[in-house]
Amino acid sequence: MTQYSYSRVSLFENCPYHFKLRYIDKLTEIPDLTNAANPLIIGHALHSGIEHNVQTALDEYFNAFHVLTDRIVEEAIKLEILIPKVKDFLNKNFPDCEFIHEYKLDFDNYLGFVDLIVKAPDGTCMVIDFKYSNNIKNYLESAQLHIYKDYLEQDGFDVKKLAFLFVPKVSIKQKESEDLFQFRKRIINDVTKAELKFVPIEFDQMQTVYFLNNIEKIESTTDFSKRNASGNCFSCNPRFAPNFLEAIQNEKGEIILTLPKNERRERKIDTKPDFWLYADSYVGKSTFVDKIPNVLFFNTDGNMDNTTAPVISVKDEVKKVGRKTERTLAWEVFLDRVSDLETEDNDYEAVAIDLVEDLRDHCRVYVFEKNGWEHESDGGYGKGWDKVKLEFNNAIKRLKSLGYQLIYISKEIVNEITLKGGAKRTTFKPNIDDKTANFLTGTVDLTMRAYVNSDDERFLQLGKKSNVFGGGRFDFQVDTIPLDYDAFIEELIAAQEGKSTKTKTKRTSRKKDDEVNNNEDEGKKSLGSSTEEPPKRERKRRTRNSDQESEQEEKPRERKRRERKPVDDVPPGEEESTETAEEAPKRQRRTRKPRGDK
């Protein structure tokens, strides 16, 4: 039997069409990672902080985003103030009580998670639900706590009281007259002054009855076409419309939901992941992608002199027919070539878009030309931006559904943000708007940045950093590697096999390791221990023949990775000192003469 949560039933009441997309068609809704105040992300972080500590909440909050921004830092400042407020309130008002966080209710027809159960010494309980909101009135009409009480009593809890704890949501904007320091100081003052609101409610047995009736209604409904039935569905507003990935459809446009056979699929090593590569100009982005076998380039900037793969130029095509000039826009050229990939037999295995931000601009121009606009705002409130977004996203999904390895190439944009303490941090991300970047990352397995250090050496960054837009589905054993396609494939395989011996720390040379070991030995000797030293182990001498035999037995790929010279995997601006103990100048101790000596 299907398990229904309160949110699932509420979605059906608000908008049956949205319910159908999510739970019947099983389309994937992409979270909005461009919004630092995303209610879902903030709510999860707030609950983690109340249950554990502030640092746990901040780690969870920061890890939810691709790259750090000033707005994210400001929301984190609010969490640092609000979480201790909630914990102090609970400890002060419920002394000697047991706190049970995130209690799971698991029944045949119901699934739910209770934020907090406060259990008194006499065994009676109060159920508290945390809400990070100022809209108290709407939540007081919610049936959620009443349903919790009924199912908790079936689990043996003696629930006597129900209550909401509203955590104030402070939303202010930076004034033109204030700098970032003054703005954040105002945030701290406003959040510190804001007060929690504890609102007890009376239990209503009928709320559970209504909930069960709605479940029966869902089970018997066959027409889910009605939209925004309650008038409260934000997803029906074009400005807040959810972004769903397309499902597989047949020729009639009907969604195919044929179930696969219930058996485990064999896990295979993926050496052809979809990825997004971005870097500054002249780093070698296109040259790196050119090494991919059987790749086809969609090029927008004309810079393909250093590559050898086949190229389709995405640009406006102009031809003269008689006295008339006919123009085919670059976006139409792109769509025509995608149609060719769909219908024509070919031996291409990968498709690279170079540059993806230029392709997005071509899409904008096409929509403007089609509708007679000069800007998205000419299309009305929210509709202009929505049309451009849908046109671009649908084309990318169409290309992805063809089964080719998909690669995006972008230039990078460098920004500087200010941390809480006033320190500056440089951030790196692709040169495209945040909402489009959020969509594109959902269509690839890996997002990487390439860069050049001061010695003109080119590297590929694999490890995730808070100031660098990137990440992926692979657990790489190193942070950086040379910008070389063969080296990338080796690390990709090692990440999936879990056999890499490299670490994510900065590598040191063998000479440096020997110096450290010698210093440790000398330090042990200087302790003056009276115990005898343990006998030295006899080192077995290896002959040249044994070396050759072991080298033949070693796998070629592992031997190649072992013999490759270590590289400095620290990006520019984050270098560490590599000065050894011998290279550092020695300090001489000054001796002090007795006062009587002259």
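Residues numbered from 1 in each chain as written. Predicted model: local features only at pLDDT ≥ 70, side-chain atom pairs only at ≥ 80, totals over all residues. Heavy atoms only, no water.

Draft legend 1. Structural context of the packing of aromatic side chains. Applying the stated rule across the entire model yields 26 aromatic pairs. Ring geometry for F19 and Y23: centres 5.2 Å apart, planes at 45°, overall tilted. Here Y23 and F19 lie together in helix α2 (residues 16–24), a separation of 4 residues that amounts to about one turn. Aromatic ring contacts, followed pair by pair, group F12, F19, Y23 and F224 into a single cluster. (Phe/Tyr/Trp six-rings, centres within 6.5 Å; stacked < 30°, edge-to-face > 60°. Helix = DSSP H or I, 4+ residues; strand = E, 2+ residues; numbered from the N terminus.)

Draft legend 2. Quick peek at the sheet that holds strand β1 (residues 98–106). If you trace the 5 strands from one edge of the open sheet to the other, you get β1-β2-β3-β4-β5, paired in mixed fashion. Of all strands in the sheet, those bounded by a partner on one side alone are β1 and β5 (197–201). Sheet twist, expressed as the average angle between the axes of neighbouring strands with direction ignored, equals 35°. Against the sheet, helix α7 (residues 144–154) touches β1, β2 (111–119), β3 (124–132), β4 (158–167) and β5, its axis set at about 150° to β4. (Pairing = 2+ DSSP bridges. Axes fitted to C-alpha atoms, helices over the stretch in contact; angles between N-to-C directions. Contact = heavy atoms within 4.5 Å.)

Draft legend 3. Inspection of helix α9 (residues 206–220) at higher detail. For α9, spanning 15 residues, the distance from its first C-alpha to its last is 21 Å, which sits close to the expected 21 Å at 1.5 Å a residue. Looking at α9, one finds that the buried residues are Q207, T208, F211, N214, I215 and I218. One face of α9 carries all of its buried residues, which in axial projection span an arc of 115°. Exposed residues lying more than 90 degrees from the buried face of α9 are E216 and S220. (Expected span 1.5 Å × (residues − 1). Buried < 20%, exposed > 50% of the residue type's maximum accessible area, 1.4 Å probe, protein only. Arc of directions from axis to C-beta.)

Draft legend 4. Geometry of the pattern of salt bridges. Enumeration according to the criterion identifies 20 salt bridges in this entry. A salt bridge links D70 to R184; its shortest N-O distance comes to 3.3 Å. One end of the pair, D70, is in helix α5 (residues 70–93); the other, R184, is in helix α8 (residues 180–193), with 114 residues separating them in the sequence. A relative accessible area of 7% means that R184 is categorised as buried. D316 is the partner of R327 in a salt bridge, and the nearest nitrogen-oxygen pair spans 3.4 Å. Here R327, found in strand β10 (residues 324–328), pairs with D316, found in the loop between β8 (311–313) and β9 (317–321); they are 11 residues apart in sequence, far enough to count as distant. Here R327 falls in the exposed class, since its relative accessible area comes to 51%. Members of the salt-bridge network, linked through shared partners, are D70, R71, E74 and R184. (Salt bridge = Lys/Arg side-chain N within 4 Å of Asp/Glu carboxyl O.)

Draft legend 5. Region of the structure containing the nonpolar core. Y61, L90, I128 and F130 are the most contacted members of the largest nonpolar core, which has 40 residues in total. Mapped by element, the contributors of at least two residues to this core are α3 (39–51), α4 (54–63), α5, β2, β3, β4 and α8. Per-element tally for this core: the top contributor is α5, with 11 residues. In this view, L90 contacts I50, F99, L116, I128 and F130; residues no more than four positions away in its chain are not counted. If you look at the next biggest cluster of nonpolar residues, it comprises 39 residues, including V367, F428, I432 and F439. (Core = buried A, V, L, I, M, F, W, Y, C linked by side-chain atoms within 4.5 Å.)

Draft legend 6. Quick peek at a nonpolar patch on the surface. Taken together, the side chains of M206, V209 and Y210 present a nonpolar region at the surface, about 250 Å² in accessible area. Assignment of secondary structure puts Y210 in helix α9. (Patch = residues over 30% accessible without salt bridge, like charges linked within 9 Å, V, L, I, M, F, W, Y side chains within 5 Å. Areas by Shrake-Rupley, 256 points an atom, 1.4 Å probe, with all protein chains shown as cover.)

Draft legend 7. Examining the packing of helix α1 (residues 6–14) against α9 more closely. For the pair α1 and α9, the least separation of the axes is 10 Å and the interaxial angle reads 65°. Crossing of α1 against α9: the hand is left-handed. Between α1 and α9, the contacting residues are Y6, V9, F12 and E13 on the first element and F211, N214, I215, K217 and I218 on the second. Within the contact of α1 with α9, the residues separate by chemical class into 6 nonpolar, 1 polar and 2 charged. (Left-handed = near helix turned anticlockwise from the far one by under 90°. Nonpolar A, V, L, I, M, F, W, Y, C, P; charged D, E, K, R; others polar.)

Draft legend 8. Spotlight on the side chain of T307. Within the secondary structure layout, T307 lies in the loop between β7 (295–299) and β8. Accessibility expressed as a relative area gives 13% for T307, which makes it buried. Polar side-chain contacts of T307 include one of 3.1 Å to the backbone oxygen of M304. (Polar contact = N/O pair within 3.5 Å; in protein donor to acceptor, adjacent residues only side chain to side chain.)

Draft legend 9. Region of the structure containing the packing of α5 against α8. Packing of α5 against α8 brings their axes to within 10 Å, and their N-to-C directions diverge by 25°. One element, α5, and the other, α8, form an angle in the roughly parallel class. Relative to α8, α5 is oriented so that their crossing is right-handed. Contact residues: D70, R71, V73, E74, I77, K78, I81, L82 and K85 in α5; L180, F183, R184, I187, I188, V191, T192 and K193 in α8. Looking at side-chain class alone, the contact of α5 with α8 contains 9 nonpolar, 1 polar and 7 charged residues. (Parallel < 35°, antiparallel > 145°, perpendicular 65-115°, else oblique.)

Draft legend 10. Quick peek at empty space enclosed by the protein. All told, the structure shown has 2 cavities of 30 Å³ or more when counted by the stated rule. In this structure, the largest cavity encloses a volume near 60 Å³. The greatest single-element share of the lining of the largest cavity, amounting to 3 residues, is contributed by strand β14 (residues 446–452). Taken together, the residues of the lining of the largest cavity sort by class into 5 nonpolar, 5 polar and 3 charged. Of the pockets and cavities examined, the second largest cavity occupies roughly 40 Å³. Of all the secondary-structure elements, those providing two or more residues to the lining of the second largest cavity are α3 and β1. Taken together, the residues of the lining of the second largest cavity break down into 2 nonpolar, 2 polar and 3 charged. (1 Å grid on protein atoms, 1.4 Å probe; cavity = no way out; pocket = protein on both sides within 12 Å on 5 of 7 lines; lining within 4 Å. Points joined across faces, edges and corners; volume = space filled by probe spheres on them.)

Draft legend 11. View of α2. Of all the positions in α2, only P16, H18, F19 and L21 are classed as buried. Packed against the buried residues of α2 are α1 and α9. Note on α2: the residue one or two positions beyond its end, K26, has a positive phi of about 55°.

Keep in mind these values describe shape, not function.
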